[in-house]
Protein chains: 2
Amino acid sequence: MTDTNTALHADAARPSRREQILRAAAQLFAERGSRAVGVDDVGAAVGVTGPAIYRHFASKDAMLAEMLLRISERLLEGGTSRVAATGDDPMAQLRTLIAFQVDFALDNPALITVHDRDLGSLSAEEAAQVRRLQRRYVEVWVDVLGRVHPESDAATNRVRAHAVFGLVNSTPHSAGRLPRRRTAALLAAMAEAAATA
Amino acid sequence: MTDTNTALHADAARPSRREQILRAAAQLFAERGSRAVGVDDVGAAVGVTGPAIYRHFASKDAMLAEMLLRISERLLEGGTSRVAATGDDPMAQLRTLIAFQVDFALDNPALITVHDRDLGSLSAEEAAQVRRLQRRYVEVWVDVLGRVHPESDAATNRVRAHAVFGLVNSTPHSAGRLPRRRTAALLAAMAEAAATA
DNA sequence: CCCGTTCGTGAACCACCGTTAACATCCCCG
DNA sequence: CGGGGATGTTAACGGTGGTTCACGAACGGG
């Protein structure tokens with residue numbers, strides 16, 4: 001039971017297996033949904049039988065939980081740090097956030113998909129923890145949007161934030177239709193136009 | 001085996017049970033995902049035991065299939081008819097499409113959620129049929145966007161269309177935060193700004 | 001009034017899948 | 001060299017859940 005924190009330094013310490021499994025699982029979960037993917041499927045994807053996974057994860061749910069927690073942490077950490085690293089011009093901060101979200105969505109379409117589809121498959125506590133992180137990330141956006149739109153209240157800016165997420169996170173649906181640079185530029189321009197409307 | 005077309009006139013002919021089941025199932029599927037919802041759950045939601053559902057549907061998958069087909073048909077039909085009923089000013093057509101999609105998304109957040117989450121839980125043929133309808137609906141948008149952006153190719157406008165869908169379909173995430181009129185106006189304004197960016 | 005259709009019930013069946021157990025391998029460290 | 005931890009394998013267990021079956025009640029028309 002000394003495994004609670006292994007997740008924190010997992011990818012740094014060990015480049016293999018456990019990480020392979022998480023990556024393969026993310027891909028499969030995104031394609032079919034976590035409930036439709038069997039432990040054997042995940043195992044097969046990394047050249048191993050199903051039960052072997054239990055040498056690396058306590059359960060299938062624990063896999064999903066770690067996946068979603070990592071995503072939420074990366075988004076929150078990346079968002080806050082980039083806003084902090086930008087001057088206090090609201091529009092500059094907004095552009096930074098948009099660029100970050102676009103890059104993330106283009107780099108990890110599978111994670112984006114799993115992130116907002118399989119939250120419901122988590123235990124109550126884990127789901128709550130993920131939601132806490134998500135909420136804090138949304139608040140980063142709401143703060144910036146609040147300075148871009150001083151006339152709007154927080155509720156309005158929350159709707160704005162979710163709308164922009166929806167726009168940018170459409171990458172799984174339009175993957176590979178255009179060269180990445182073009183897609184990134186287009187989505188960023190659309191997101192900025194939407195966020196400032 | 002004379003049931004292939006019952007779906008077409010189902011809601012018109014019979015206001016009850018079968019429709020109750022579909023509505024309840026849509027709600028439950030949206031909340032937890034179709035795989036996580038048992039036949040007994042759906043039955044209980046309409047005051048009936050699980051197996052009773054098989055008096056109205058051939059299988060659980062058939063339920064989901066009919067649900068997704070109806071959604072896709074409603075969108076395609078509504079989109080094409082409204083565009084046809086609008087003059088040939090591209091911007092007017094675009095605004096009509098946006099208003100239609102916003103209304104649909106605000107009226108049926110559950111259907112929106114199920115629509116792009118549980119497609120993978122369908123048999124190959126049914127999934128293909130739904131995708132055909134979706135594609136045709138996207139093409140309606142792409143055509144209009146093509147006249148708004150004569151400089152862009154179809155691939156670019158497809159990405160645009162998906163981005164706008166993502167924006168508008170964020171309603172399940174921001175449900176009830178603002179009065180409906182406000183949300184509708186905000187989303188429409190954002191969508192138009194994004195689509196014309 | 002009675003028969004067939006419709007709609008429902010509870011019990012049982014069966015396949016699938018997450019999980020555990022018992023047993024091999026490999027490899028590094030003392 | 002020898003033993004123990006990490007990593008896998010196969011077989012088996014057990015619960016869950018979709019589906020079927022045999023049966024009952026309501027009900028409308030000949």
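Source: prediction; values computed, not measured.

(A) Structural view of the overall build of chain A. Helices and strands together make up the secondary structure of chain A, namely nine helices and zero strands. When the helices and strands of chain A are listed from N to C terminus, the series reads α-α-α-α-α-α-α-α-α. Whereas a compact globule of 197 residues would reach a radius of gyration of roughly 16 Å, chain A reaches 18 Å, a difference of no more than 12%. Taken over 197 residues, chain A has a buried fraction of 47%. At a minimum sequence separation of 6, the contacts of chain A that also span at least 24 residues come to 68%.

(B) Just the protein's contact with DNA strand D, in detail. By nearness alone, 16 residues border DNA strand D, and R17, T49 and R55 of chain A together with V39 and Y54 of chain B come closest of all. Taking all atoms of DNA strand D within 4 Å of the protein, the share assigned to sugar and phosphate is 57%. Between V39 of chain B and DNA strand D, the recorded distance is 2.7 Å, taken from a backbone N or O atom to a phosphate oxygen. Class assignment for the residues of the surface near DNA strand D results in seven nonpolar, four polar and five charged.

(C) The relation of the copies chain A and chain B, seen in detail. Between chain A and chain B, the superposition needs a rotation of 180° and an axial shift of 0.0 Å, giving an RMSD of 0.1 Å. Put plainly, the chains are arranged around a two-fold axis. The fraction of interface residues of chain A whose copies in chain B are also interface residues reaches 100%, indicating that both copies meet through the same surface.

(D) Structural detail: the pattern of salt bridges. Residue and element names in this part refer to chain A. Under the counting rule described, the total for this entry stands at 18 salt bridges over all chains. Of the charged contacts, one joins R180 and D103 as a salt bridge, the two residues approaching to 3.2 Å between their closest N and O atoms. With R180 in helix α9 (residues 180-195) and D103 in helix α5 (residues 90-107), this residue pair connects regions lying 77 residues apart in the sequence. Take R180: its relative accessible area is 38%, and that puts it in the partly exposed class. Classification of D103 by relative accessible area gives partly exposed; the value is 32%. One continuous salt-bridge network, built from bridges that share partners, spans R18, E19, E66 and R70.

(E) Spotlight on the protein's contact with DNA strand C. Around DNA strand C, the structure places 16 residues, and the nearest of them are Y54 of chain A together with R17, T49, R55 and H56 of chain B. A share of 61% is what sugar and phosphate atoms reach among the atoms of DNA strand C within 4 Å of the protein. A distance of 2.4 Å separates a phosphate oxygen of DNA strand C from a polar side-chain atom of Y54 of chain A. Contact distances for DNA strand C include 3.4 Å between a base nitrogen and a side-chain N or O atom of R55 of chain A. Looking at the surface near DNA strand C residue by residue, the classes come out as seven nonpolar, four polar and five charged.

(F) How the structure looks around the nonpolar core. The biggest cluster of nonpolar side chains holds 126 residues, and the ones touching the most others in it are L167 of chain A together with L167 of chain B. Per-element accounting of this core gives the leading share, eleven residues, to helix α7 (residues 124-148) of chain B. Filtering out sequence-adjacent residues up to four positions away, L167 of chain B remains in contact with A163, G166, L167 and A194 of chain A together with L187, M190, A191 and A194 of chain B.

(G) Focus on the environment of T113 of chain A. All names here are of chain A. Mapped onto the elements, T113 comes out in helix α6 (residues 109-117). Linking T113 and Q27, residues 86 residues apart in sequence, is a C-alpha distance of 9.5 Å. Beyond its immediate chain neighbours, meaning those up to four positions away, T113 contacts A30 and P172.

(H) Layout of the packing of aromatic side chains. Residues and elements named next belong to chain A. If you walk through the whole model with that rule in mind, you get eight aromatic pairs over all chains. Taken together, a centroid distance of 6.5 Å and an interplanar angle of 75° make the contact between Y137 and W141 edge-to-face. With a gap of four residues between them, Y137 and W141 both fall in helix α7 (residues 124-148), about one helical turn apart. On the basis of relative accessible area, W141 is assigned to the buried category, the value being 1%. The rings of Y137, W141 and F165 are connected pair by pair, giving a single aromatic cluster.

(I) How the structure looks around α9 of chain A. The end-to-end C-alpha separation of α9 of chain A is 22 Å, in line with the 22 Å expected for 16 residues at 1.5 Å each. For α9 of chain A, the complete set of buried residues consists of T183, A184, L186, L187, M190, A191, A193, A194 and A195 of chain A. In this structure, the buried side of α9 of chain A is in contact with α5, α7 and α8 (154-168) of chain A together with α8 (154-168) and α9 (180-195) of chain B.

(J) Quick look at α8 of chain A. With 15 residues, α8 of chain A extends 21 Å from end C-alpha to end C-alpha; this agrees with the ideal 21 Å at 1.5 Å per step. Among the 15 residues in α8 of chain A, twelve count as buried, and that is most of the element. Buried-residue contacts for α8 of chain A involve α5, α7 and α9 of chain A together with α8 and α9 of chain B.

(K) View of unusual backbone geometry. Residues and elements named next belong to chain A. One non-glycine residue, R17, adopts positive backbone phi at about 45°. Tracing the sequence through the fold places R17 in the loop between α1 (10-13) and α2 (18-32). For R17, a relative accessible area of 32% puts it in the partly exposed group.

(L) Looking closely at the interface of chain A and chain B. At the interface, 28 residues of chain A touch 28 residues of chain B. Summed over both partners, the interface of chain A with chain B buries about 2,500 Å², with 75% contributed by carbon and sulfur atoms. Taken as a group, V159, R177 and M190 of chain A account for 21% of the area that chain A buries against chain B, more than any other trio of residues on that side. At the level of secondary structure, the elements contributing two or more residues to the side of chain A that touches chain B comprise α6, α8 and α9 of chain A.

Cut-offs used in this document
Residues numbered from 1 in each chain as written. Chains lettered and ligands numbered in written order. Predicted model: local features only at pLDDT ≥ 70, side-chain atom pairs only at ≥ 80, totals over all residues. Heavy atoms only, no water. Helix = DSSP H or I, 4+ residues; strand = E, 2+ residues; numbered from the N terminus. Rg over C-alpha atoms; globule rule 2.2 N^0.38 Å. Buried < 20%, exposed > 50% of the residue type's maximum accessible area, 1.4 Å probe, protein only. Contact = heavy atoms within 4.5 Å. Near = heavy atom within 4 Å. Polar contact = N/O pair within 3.5 Å; in protein donor to acceptor, adjacent residues only side chain to side chain. Nonpolar A, V, L, I, M, F, W, Y, C, P; charged D, E, K, R; others polar. Least-squares fit on C-alpha atoms with pLDDT ≥ 70 in both. Salt bridge = Lys/Arg side-chain N within 4 Å of Asp/Glu carboxyl O. Core = buried A, V, L, I, M, F, W, Y, C linked by side-chain atoms within 4.5 Å. Phe/Tyr/Trp six-rings, centres within 6.5 Å; stacked < 30°, edge-to-face > 60°. Expected span 1.5 Å × (residues − 1). Buried area = accessible area lost by both parts, 1.4 Å probe.

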